[in-house]
There are 2 protein chains.
Amino acid sequence: MEQLKTEILTGDCLEVLKNHPDNSFHLIVTSPPYADSRNNTYGGIKPDNYVKWFMPRAKEFLRVLRDDGTFILNIKEKAVNGERHTYVLQLILEMRLHGWLWTEEFVWHKKNCYPGKWPNRFRDAWERCLQFNKSKNFNMYQQEVMEPVGEWAKSRLKNLSATDKIRNNSNVGSGFGKNVSNWLNRDKAYPTNVLHFATECNNKTHSAVFPKALPRWFIKLFTKEHDWVLDPFAGSGTTCEAAQEMNRNSVGIEILAEYCDLAKEKTSKSQNRLLNNHSSVSGIGGLF
Amino acid sequence: MEQLKTEILTGDCLEVLKNHPDNSFHLIVTSPPYADSRNNTYGGIKPDNYVKWFMPRAKEFLRVLRDDGTFILNIKEKAVNGERHTYVLQLILEMRLHGWLWTEEFVWHKKNCYPGKWPNRFRDAWERCLQFNKSKNFNMYQQEVMEPVGEWAKSRLKNLSATDKIRNNSNVGSGFGKNVSNWLNRDKAYPTNVLHFATECNNKTHSAVFPKALPRWFIKLFTKEHDWVLDPFAGSGTTCEAAQEMNRNSVGIEILAEYCDLAKEKTSKSQNRLLNNHSSVSGIGGLF
DNA sequence: GTTCCGCATGAATCGATAG
DNA sequence: ACTATCGATTCATGCGGAA
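Described in the following lines is the structure provided in the data block.

Rules and cut-offs
Residues numbered from 1 in each chain as written. Chains lettered and ligands numbered in written order. Predicted model: local features only at pLDDT ≥ 70, side-chain atom pairs only at ≥ 80, totals over all residues. Heavy atoms only, no water. Axes fitted to C-alpha atoms, helices over the stretch in contact; angles between N-to-C directions. Helix = DSSP H or I, 4+ residues; strand = E, 2+ residues; numbered from the N terminus. Left-handed = near helix turned anticlockwise from the far one by under 90°. Contact = heavy atoms within 4.5 Å. Nonpolar A, V, L, I, M, F, W, Y, C, P; charged D, E, K, R; others polar. Expected span 1.5 Å × (residues − 1). Bend = angle between axes of the 7 residues up to and from the residue. Buried < 20%, exposed > 50% of the residue type's maximum accessible area, 1.4 Å probe, protein only. Salt bridge = Lys/Arg side-chain N within 4 Å of Asp/Glu carboxyl O. Buried area = accessible area lost by both parts, 1.4 Å probe. Polar contact = N/O pair within 3.5 Å; in protein donor to acceptor, adjacent residues only side chain to side chain.

Digging into the packing of helix 2 (residues 50-64) of chain B against helix 3 (residues 87-97) of chain B
Helices that pack against each other are described as a pair by the angle of their axes relative to one another and the distance between those axes.
All names here are of chain B.
Phase 1: It is the contact of helix 2 with helix 3, at a shortest axis distance of 10 Å, that shows an interaxial angle of 35°. As for how helix 2 packs across helix 3, the hand of that crossing is right-handed. Residue-level inspection shows Tyr-50, Val-51, Phe-54, Met-55 and Ala-58 of helix 2 in contact with helix 3, the latter providing Tyr-87, Gln-90, Leu-91, Glu-94 and Met-95.
Phase 2: Here the residues of the contact of helix 2 with helix 3 are counted per class, giving eight nonpolar, one polar and one charged.

So this is what it looks like as structure tokens:
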């Protein structure tokens, strides 16, 4: 079997991605720098300039993403002048004009969001995970993220009611009665578009990143083993770490050298285990 | 004390509201007909025409809302052609151009969302509750919606790191650090902008578009007793019923006569109960 | 009286079929 | 080709009758 690769590249993804071929990634999942934060990088993007700053990068993402791939964008607008800023809304509209399909908007419910109090708003306990695609026929492996059903099912499934059977079989004689058998052994259900993940607030080195569970969930849902995952704003490398643990190849791009070091350290730890048996792994030229 | 009023008016709110004076409502909370649904009323609004249909009504809402009032709009875009439609995003942008402030976006998490399975998406378990205001200085009674502190919150506060506390104090010198220490001894906490309400979908009581708990929450948060609440798309009168139970005056407008009858029945029942007890409907030591 | 358990229902969405 | 209708899919909730 092929050697798994995890690459951390330093630089602005707008430039770095130019070295990557078209249609090469199955999934892009990222949490870009929010407007007005990370002032020392990317020139400190102001909310009003966010769309303009993001779009050329989105164009590169569109190019390197496979036609059956998915782009997950974790983002949330900040409150400016007492209002929610509109740059995320405008970004969605703009991306659609440039060929992206806005397939879905997942809500990441942050169960343990930061405490605080303001006179005119409550704590912000959710972020958007926007799903974009290049085509309607994208890969989705729903069974990989099924969850245990609620308590109600235990009693419910003891006896299937007559109406359940009636409703399932309905009138048309076309289909098999397969639903009933599915239900009888069912202990898992498909999730919804609301995700409940706690933030990892004890992370001292790199705050404000998403918890590893978040990229892990989307990697499970949209890729198979040995597929290629890209995080163009890799930060401390959470996405690449998750990808590596799940036997996916990945590329992480990060403009800040210190974060790159962190990311490399994270991902090389696991790789060292591999390296005991094999030869070199990372190496920029060897990827494509 | 003044007699409490609950009015159900039949007609299109665009017309009916013309008879109402400026600056008369403290809160507008409503769930308008979603695009492509309720085909027999309002001409069956197509997604592409939604903003155009909504805006003249939004203009009336702006007029009748008090300067310190709030407009809560419960809405969710549908999936069209494999994509989320953008009419809600465009509506937000358009309303801002016409004088509304987009203060906040609450997420209503529907724990018991509609079942189903599709190859390209999961069940939709959330809707938007968009908060609009006329001014930054709107009324908000946060203490009225405080919730019991869950176990997770207790552990979260225990684990506040030293740097967390330092940052709290330094950021907003006026009250933030103080509030954190207050939290430690509280058994109640302020909620977040994610609301968890199950839909009321059983057949006995006439099912409402949103559960009564939803308007109730916003009425508590944004009005005092005897304030005026408006629901311009009243449906079966859930908002007015909630308002009445909480000693708020309310006006509900609904275009469908049959829904109006339902709404009148709901709200007259409670009034009869109160009237039978004689004395002022809104007596302080009365129902609540 | 409690608790348990059966069960209809819902702002849904897709794909196939019909006009 | 484009639009309208229809069937299939599926999960959590609260009511009400039963134990």
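Looking at helix 2 (residues 50-64) of chain A
Residue and element names in this part refer to chain A.
Phase 1: The end-to-end C-alpha separation of helix 2 is 22 Å, in line with the 21 Å expected for 15 residues at 1.5 Å each.
Phase 2: At Pro-56, helix 2 shows its maximal bend, which comes to roughly 25°.
Phase 3: Counting buried positions along helix 2 yields eleven of 15 residues, so the element is predominantly enclosed.
Phase 4: Regarding helix 2, the residues found buried are Tyr-50, Val-51, Trp-53, Phe-54, Met-55, Arg-57, Ala-58, Glu-60, Phe-61, Leu-62 and Val-64.
Phase 5: On its buried face, helix 2 sits against helix 1 (13-16), strand 2 (25-30), strand 3 (65-75), helix 3 (87-97) and strand 11 (228-231).

Structural notes on the pattern of salt bridges
Should the charged atoms of two oppositely charged side chains come close, the side chains can pair.
Phase 1: Scanning the entire structure with this criterion turns up 40 salt bridges over all chains.
Phase 2: With a shortest N-O distance of 3.4 Å, B:Glu104 and A:Arg121 are connected by a salt bridge. You can see B:Glu104 sitting in strand 6 (residues 101-110) and its partner A:Arg121 sitting in the loop between strand 6 (101-110) and strand 7 (126-133), one on each of two chains.
Phase 3: For B:Glu104, a relative accessible area of 1% corresponds to the buried category.
Phase 4: Residue A:Arg121 is classed as buried on the basis of its relative accessible area of 10%.
Phase 5: The closest approach of N and O atoms between B:Arg84 and B:Asp124, which form a salt bridge, is 3.6 Å. Of this pair, B:Arg84 sits in strand 5 (residues 83-84) while B:Asp124 sits in the loop between strand 6 and strand 7 (126-133), and the two are 40 residues apart along the sequence.

Points about the interface of chain A and chain B
Phase 1: Across the boundary between the two partners, chain A contributes 53 residues, which contact 57 residues of chain B.
Phase 2: Buried area between chain A and chain B, both sides added, is near 4,900 Å², and the carbon and sulfur share of it is 60%.
Phase 3: Its largest share of buried area at the contact with chain B, chain A owes to A:Lys117, A:Phe122 and A:Arg123, together 16% of the area lost on that side.
Phase 4: Here chain A and chain B share eight salt bridges between them.
Phase 5: Residues B:Arg84 and A:Glu104 are paired through a salt bridge, measuring 2.7 Å at the closest nitrogen-oxygen approach.
Phase 6: Viewed at the interface, chain B and chain A are joined by 29 residue pairs in polar contact (both at pLDDT 80 or more).
Phase 7: Every element with two or more residues in the side of chain A that touches chain B is listed here: strand 5 (83-84), helix 3, strand 6, strand 7, strand 10 (194-197) and helix 7 (213-222) of chain A.
Phase 8: Counting residues per element, the side of chain A that touches chain B draws most heavily on strand 6 of chain A, at eight residues.
Phase 9: Here the residues of the side of chain A that touches chain B sort into 25 nonpolar, 14 polar and 14 charged.

Shape descriptors only; they carry no functional weight alone.
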